[in-house]
Amino acid sequence: MTTTAPRPRQSPDEPARSGLAARVSLGRAFRPVPSEFLLITSAALLLTGFGLVMVLSATSALDGAQSPFDHVLKQAVFAVIGVPLMFVLSRAPLRFWKRMAWPALIGATLFQLLVFTPLGISANGNRNWINIAGIQAQPAEFLKLALALWLGYVLYRKQTLLGDWRHVFIPIVPVFALVVATVMGGKDLGTTMILVLVLLGALFFSGVKLRIFVLPALAALGAIALFAITSADRMRRIMSFLDQDCIANYLGDCYQPLHGIWGLAAGGIFGVGLGNSAEKYDWLPAAANDYIFAIVGEEMGLIGCIVVLLLFGLFAVGAFHIIRRTDDPFVRIVAGGVTIWIVGQAMINVAVVLRVFPVLGVPLPFMSQGGTSLLSVLIGCGVLLSCARTLPDRRAAGETPPRAARRAAASARRPRG
């Protein structure tokens, strides 16, 4: 005769415990986000919205037979896709980004190689676009984010070996050279410069020794100079940039930079008014793309330009706070690479419009017309927001708010008994 052990009686506390666990899990999902999260999100959304308004204004004079809303609606589609995707990716854990490092870089590189197939499109001497079912895309935009993730993962895994230059060289230099070769094959020097910035930013924030950091920096500068010298088109643009009497070459390479400066000058302090730009009427090439900052200056004036720069400044403050506060090397390197990419590209674009740099063909993040650029930047923001969620709580880290600190000090001074 077999007997079965009596089933232990369920404790009356068990339902309460399960309910408590559910409430704790729900609380973790909806716990307050760090201030860096809010700062980056606010700046990204405001820049995206401002960019849609300026794209509508800059393209309203193009293709008179079409509706003035055609271009901005195409841009808005990518914004509608990218903004929710940014928030979805902000929930991704760090282990997801680590697992995606190699697949993302391989996939982005293969995507870039499509420009050398019949799908590729050549424009202005560069071959960096593809056309799939009537939709144009610039694959190199996704290489920037993929490279930042891959560098973060590799340097994180080699964190204890970065004192030896061989571990920095392998596999970073060969893989980076291969990635840059796919971009330079299409003669896109502007994107190559951004990729170099991502590499240098990742190396800097990984904490490699200065002597190891300087060698890749010098090699990168030498490679960029070599690419510039070996191209007659690039040298012509550089020489026109250095020409003090640029007006003499008005109908040549000085045409676009001069009209960009004239657009900024025409805006003055308060601008000529939204939609009232004269340069957008076929005077300024790429008015909605690389030179959209000139249209901002013409229509919104100095005040509008300052607002754009302040928004990028707030974005940079939030991103660099993540780098400063985190204890995770992977977060520091990835956040550093993405921040250098977005903020550095914005600075280069503004410098080109101001004629501080020669024309490089680099779009203004969030604002320039181009769905691929906008989508990749918003995905990059999603990575930053995911990193922001990993920051330690200020109170848990011992950063007592001032009011609580004063209350504790007063309590300690109060006599007892």
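Residues numbered from 1 in each chain as written. Predicted model: local features only at pLDDT ≥ 70, side-chain atom pairs only at ≥ 80, totals over all residues. Heavy atoms only, no water.

A. Broad picture of the overall build of the protein. The number of helices and strands found in the protein is 15 helices and 3 strands. Here the protein holds 417 residues, and 45% of them are scored as buried. Taking the intrachain contacts of the protein between residues at least 6 apart in sequence as the baseline, contacts between residues at least 24 apart amount to 72%. Of the roughly 21400 Å² of accessible surface on the protein, a fraction of 66% belongs to carbon and sulfur atoms. (Helix = DSSP H or I, 4+ residues; strand = E, 2+ residues; numbered from the N terminus. Buried < 20%, exposed > 50% of the residue type's maximum accessible area, 1.4 Å probe, protein only. Contact = heavy atoms within 4.5 Å. Areas by Shrake-Rupley, 256 points an atom, 1.4 Å probe, with all protein chains shown as cover.)

B. Highlighting the pattern of salt bridges. What the rule picks out here adds up to 4 salt bridges. For the salt bridge of Lys144 with Glu141, the shortest nitrogen-to-oxygen distance reads 3.1 Å. Of the two residues, Lys144 and Glu141 both sit in helix H5 (residues 140–157), 3 residues apart, roughly one turn of that helix. By relative accessible area, which is 1% here, Lys144 ends up buried. By relative accessible area, Glu141 is classed as buried at 1%. (Salt bridge = Lys/Arg side-chain N within 4 Å of Asp/Glu carboxyl O.)

C. Just empty space enclosed by the protein, in detail. Under the definition given, this model contains 1 cavity of 30 Å³ or more. Volume-wise, the largest cavity comes out at about 30 Å³. For the largest cavity, the full set of lining residues is Asp290, Tyr291, Asn349, Val352, Val359, Leu360, Gly361 and Val362. Classifying every residue of the lining of the largest cavity by side-chain character gives 5 nonpolar, 2 polar and 1 charged. (1 Å grid on protein atoms, 1.4 Å probe; cavity = no way out; pocket = protein on both sides within 12 Å on 5 of 7 lines; lining within 4 Å. Points joined across faces, edges and corners; volume = space filled by probe spheres on them. Nonpolar A, V, L, I, M, F, W, Y, C, P; charged D, E, K, R; others polar.)

D. Broad picture of the side chain of Ser90. Along the chain, Ser90 turns up in the loop between helix H3 (70–89) and helix H4 (94–112). Here the side chain of Ser90 touches Phe87 through a polar contact of 2.5 Å, landing on its backbone oxygen. (Polar contact = N/O pair within 3.5 Å; in protein donor to acceptor, adjacent residues only side chain to side chain.)

As far as function goes, none of this settles anything; it's purely spatial.
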